[in-house]
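Here is what each chain is made of, one letter per residue.
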Amino acid sequence: MNDFTTELKERLEEIRRQGLYRELRRVDSPQSPGLEINGKPLLNFSSNDYLGLANHPALKEAAIKAVKDFGAGSGASRLICGSLAPHHELETALAAFKGTEGALTFSTGYAAAIGTICALMGKEDILVLDKLMHACIVDAARLSGAKLRIFGHNDLNELEDILRWAKERNSAGTAGRQPRTLIVTESVFSMDGDIAPLREIVALKEKYGAWLMVDEAHATGLFGKHRRGVAEEAGVSEQIEIQMGTLGKALGASGGYICGPRALIEFLINRARSFIFSTAPVPGAAAAARAAVELVQSAEGKQRAEDLWALVERLKAGLGRNGWPVANVRSAIVPLIIGAEAGAVAAANALREGGIYVPAIRYPTVARGEARLRVTLTAAHTQKDLSALMDALAPLPHPHHSKPQPAAADA
Ligand SMILES: *Cc1c(COP(=O)(O)O)cnc(C)c1O
């Protein structure tokens, strides 16, 4: 044991030396714009609860009712001890919402990605990923054993070069089944808040006979006329083989989903190991997510999305006036790139001293030297919350300041 802990302490020291040490901060309040950490009230600009549903009465009531009707736990995996009604109701609601033949839910989005990619792809196949893909897709790609090709972020020329090569290779023919190419992209990128050119990617995948999986983790509930996601907004939902997302962000609950043709859902029930070999999510989570899917489609859901976009526009205008480079996209994720890891941590600490909670995002979540403050807004923030954030950001040093000022707190 001594050797073991000594070794781990050395490894931790190395993490600290690189400015990459992370720790948990206990929160003693619900997920909402106001957080309490160590007895200190903080304004929360870190959450992916974009529509402010995590603490919404409709979701809480749905979860409580499901606990009363179906209990706290789910007993086993859905194939082993029966598949509880709340899961089926959620999947029916998701398929109707997304306009697909079917839906399958997993305990997390991470599990959905791993289960789906590993079920579909083997070592003869080719996986083509955007350079900024989320860790769950990267891990799934590695675990699947498929040949991995990365294209530059949103770089359609590079994507086309890879697809041309892949088509040639796949048609060279092997013994077993036809090798396949699967492109995976996020629709809204989690740490940059920018958007994939889905229409162009769909055109390329059709041209070269590839399949497409789109991770709408940061778009479901926000984009498109019916808030189904960027695929709806771009008008390409029908051409995407696999639509993936999480129930834990704008939908305010927990879990992951895959939407697509019925054959895909049946195939995953038979082959997705993270679905088959894992206890079903608790009924309360499924019921809360289902309530969220309904709420997003209601007049209230529409209003919440509009409130969020109004806040985003105001923040971006304010940052622009202040000299921060702001991307010309509409997204609830507004990254403020600092660069050095220590600088980002210092900035986050300074904000926290002033009562504002914004996380510093560092390697390995983003590339080294691209550390940033990741500001997220939610429909539950008020104009007053936003003013407090903008006042707190104004004095921070950033690339466009003529006279950088040192951050107030130490790293
Ligand atoms: C959060 C996230 C996931 C994982 O979803 P969870 O339900 O949190 O496991 C997948 N993809 C992206 C892009 C994400 O940001």
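For the structure itself, consult the block above.
Turning our eyes to something else, we now look at the site of the ligand. Lining the immediate surroundings of the ligand are 14 residues, of which Gly109, Asp215, His218, Thr246 and Lys249 lie closest. Backbone polar atom of glycine 109 to an oxygen atom of the ligand: 2.7 Å apart, as the coordinates give it. In this structure, an oxygen atom belonging to the ligand sits 2.9 Å away from a main-chain N or O atom of tyrosine 110. Here the ligand, which alone exposes 380 Å², has 84% of that area covered by the protein. For the shell around the ligand, the secondary-structure elements that each account for two or more residues are helix H5 (109–120) and strand E8 (242–246).

The next point concerns the sheet that holds strand E11 (residues 356–357). Ordered by their spatial adjacency, 3 strands build an open sheet running E1-E2-E11, and the pairing between neighbours is mixed. Both edges of this open sheet fall to strand E1 (34–37) and E11, since each of them pairs with a single strand only. In terms of strand pairing, E1 meets strand E2 (residues 40–44) through 4 bridges, oriented antiparallel. Among the inter-strand pairings, isoleucine 37 is bridged to a residue of E2, identified as lysine 40.

The next thing to look at is the packing of aromatic side chains. Here the structure, examined in full by the defined rule, presents 2 aromatic pairs. Between phenylalanine 223 and tryptophan 309, the ring centres sit 5.2 Å apart and the planes meet at 65°, which makes this aromatic pair edge-to-face. With phenylalanine 223 in the loop between strand E7 (211–215) and helix H9 (230–234) and tryptophan 309 in helix H13 (residues 299–321), the pair connects residues that are 86 residues apart, well separated along the chain. The aromatic ring of tyrosine 363 is capped on one face by arginine 368, whose charged end is 3.9 Å from the ring centroid.

The next point concerns unusual backbone geometry. Going from tyrosine 363 to proline 364, the amide bond is cis rather than trans, its omega being 5°. Take proline 364: it is sitting in the loop between strand E12 (360–361) and strand E13 (371–376). We note that asparagine 154 has phi near 55°; this positive angle belongs to a residue other than glycine. By the secondary structure assignment, asparagine 154 is in the loop between strand E5 (147–151) and helix H7 (156–171). Judged by its relative accessible area of 21%, asparagine 154 is partly exposed.

Thresholds, definitions, all that
Residues numbered from 1 in each chain as written. Predicted model: local features only at pLDDT ≥ 70, side-chain atom pairs only at ≥ 80, totals over all residues. Heavy atoms only, no water. Near = heavy atom within 4 Å. Polar contact = N/O pair within 3.5 Å; in protein donor to acceptor, adjacent residues only side chain to side chain. Areas by Shrake-Rupley, 256 points an atom, 1.4 Å probe, with all protein chains shown as cover. Helix = DSSP H or I, 4+ residues; strand = E, 2+ residues; numbered from the N terminus. Pairing = 2+ DSSP bridges. Phe/Tyr/Trp six-rings, centres within 6.5 Å; stacked < 30°, edge-to-face > 60°. Lys NZ or Arg CZ within 6 Å of the ring centre and 35° of its normal. Buried < 20%, exposed > 50% of the residue type's maximum accessible area, 1.4 Å probe, protein only.

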